[in-house]
Amino acid sequence: MSLSRRIEGVGTSIILAMLEKEATLREQGIEIISLTAGEPDFPTPRHVVAAARVAMDKGDTRYPPLTGTAALKQAIIGKFISDYGLEFGLRSIIVSTGSKQAIYNAFMATLDQGDEVVIPKPYWTSYPDMVRVAAGVPIFVETHVSQRFQLDADLLNHAISPRTKWILLNSPGNPTGAIYNEETLRGVAEVLRRHQHVRILCDDIYEHIAFEQPVRNILQVAPDLGDRCLIVNGVSKAYAMTGWRLGYAAGPPELIQAMAVIQSQSTSGASTLSQAAAVAALTGPQEDRIAACEAYRRRRDLVASHLLRIHGLDFTPPDGAFYVLVDCREALPEIGLRKDEDPAFVARLFEAGVAVIPGTAFGAPGFIRLSFATADAQIERGLVRLATVVAGRSDSL
Ligand SMILES: Cc1ncc(COP(=O)(O)O)c(C=O)c1O
């Protein structure tokens, strides 16, 4: 079968392959502790589910307005004012089928063959492939565990070329959990002022999972970049609504309009029921969201206390999201693997009954990503198994 050039070189997701393997083992009755989840383990808040039910009962089941219902757009505008102090008009907002579709719309609407997108590394595994699907070229900028994965302005500056269309900022970040501090954001803003042709895509999907202080968006420190910035967010992570597929973006009206064209020829917009639910999520009681964040903070500390006791592993305790990226490069040679053989290490962990994601999936060979969006007891048992494998004693399990 002949396939399009567009999907040549676009990888199948390592993460999905891991999840399938996990499911197969489970079907065979083999117990596996999963530290892979990229989604909250809490239920969607009851008042949110109730709002969708009301919408369904009153017949809110027709095609949605292309860029989102007026009620949801107003709720999103209110959210940006209260969280960031940023004001957007209705024409600056688009509602999409998950934040992923908002990012996809943006790339499809702006990238021509060979255009470049600068992506800090380690990165969320989908970014490079989304760029490639849109015929663009991902350009990576290294960040380091020793610098808490902050983005270096000089390295960023060097990565920008006349073909650069976007730089991507993801804070709190997947897989690092790093939050860009004000100094980093000011440095990035300074670089962008030197390159007027570059736009900024802020993926703020983990905004509300922040442990030490509220997340700052680059527009709060550099409002002059407003006509070049697209902020993407959604309800998946903050409100435990991954299955509702509801995200949104705020940016310059011309860009939003171009994204709407892509959306009009693909999904026609997000489900009306999910939109009704998202209004309740954004404008209703926030206790569930705050309690979930508190639980993640506690689990982050639990993970950190275990990891600190495992010789040969290095990590930066994440400031947000629900992942920790663990540097295993010192430990791997001690168990007969090369420093960058994280997939083989993950396979051994699998055999020992614990599933994690290899760092290679995020452009970080020699690392693994652990998710703590799971119960304390699972985390503890998983980390005991990890310690056993690192100590070279997996045969005794
Ligand atoms: C960094 C990042 N951005 C976006 C998404 C997609 O979220 P959504 O469910 O809103 O499409 C994810 C999901 O894992 C993510 O980790």
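All figures in this text were calculated on a predicted structure; none of them were measured in a lab. (Residues numbered from 1 in each chain as written. Predicted model: local features only at pLDDT ≥ 70, side-chain atom pairs only at ≥ 80, totals over all residues. Heavy atoms only, no water.)

1. Points about the domain arrangement of the protein
Point 1. When its domains are assigned, the protein resolves into domain 1 (5-43 + 287-396) and domain 2 (46-283).
Point 2. Taken over C-alpha atoms, the centre of domain 1 sits 26 Å from the centre of domain 2.
Point 3. Both faces considered, domain 1 and domain 2 share a buried interface measuring about 2900 Å² in area, 59% of it formed by carbon and sulfur atoms.
Point 4. On the surface where domain 1 and domain 2 come into contact, there are two salt bridges.
Point 5. For arginine 148, the salt bridge goes to aspartate 319, with nearest N and O atoms at 3.4 Å.
Point 6. Remark: the boundary between domain 1 and domain 2 carries 16 residue pairs in polar contact (both at pLDDT 80 or more).
Point 7. It is helix H11 (residues 287-307) that contributes the most residues to the side of domain 1 that touches domain 2, six residues altogether.
Point 8. Of the residues in the side of domain 1 that touches domain 2, the class split is 19 nonpolar, six polar and ten charged. (Domains from an automatic or database assignment. Buried area = accessible area lost by both parts, 1.4 Å probe. Salt bridge = Lys/Arg side-chain N within 4 Å of Asp/Glu carboxyl O. Polar contact = N/O pair within 3.5 Å; in protein donor to acceptor, adjacent residues only side chain to side chain. Helix = DSSP H or I, 4+ residues; strand = E, 2+ residues; numbered from the N terminus. Nonpolar A, V, L, I, M, F, W, Y, C, P; charged D, E, K, R; others polar.)

2. Observations regarding the environment of threonine 388
Point 1. Structurally, the position occupied by threonine 388 is in helix H14 (residues 376-390).
Point 2. Of the residues examined, threonine 388 reaches a relative accessible area of 9% and is grouped as buried.
Point 3. Within the structure, threonine 388 has its side chain in polar contact with the backbone oxygen of valine 384 (distance 2.7 Å). (Buried < 20%, exposed > 50% of the residue type's maximum accessible area, 1.4 Å probe, protein only.)

3. A few points about the site of the ligand
Point 1. In the region of the ligand, 13 residues are neighbours, and Ser99, Asp203, Tyr206, Ser236 and Lys237 sit closest.
Point 2. In the environment of the ligand, an oxygen atom lies 2.8 Å from a nitrogen or oxygen atom belonging to the side chain of arginine 245.
Point 3. Starting from 400 Å² of accessible surface for the ligand in isolation, the protein chains cover 92%.
Point 4. Grouping the amino acids of the shell around the ligand by side-chain chemistry returns four nonpolar, five polar and four charged. (Near = heavy atom within 4 Å. Areas by Shrake-Rupley, 256 points an atom, 1.4 Å probe, with all protein chains shown as cover.)

4. Examining the pattern of salt bridges
A side chain with one charge may pair with a side chain of the opposite charge, provided their charged atoms come close.
Point 1. What the rule picks out here adds up to 23 salt bridges.
Point 2. Where lysine 165 meets aspartate 115, a salt bridge forms, and the shortest distance between an N and an O atom there is 2.6 Å. Pair noted here: lysine 165 is in strand S5 (residues 164-170) and aspartate 115 is in the loop between helix H4 (99-110) and strand S3 (116-121), with a separation of 50 residues, a long-range link.
Point 3. Residue class for aspartate 115 comes out buried when judged on its relative accessible area of 5%.
Point 4. Through salt bridges that share partners, Glu212, Glu294, Arg297, Arg300 and Asp301 make up one connected network.

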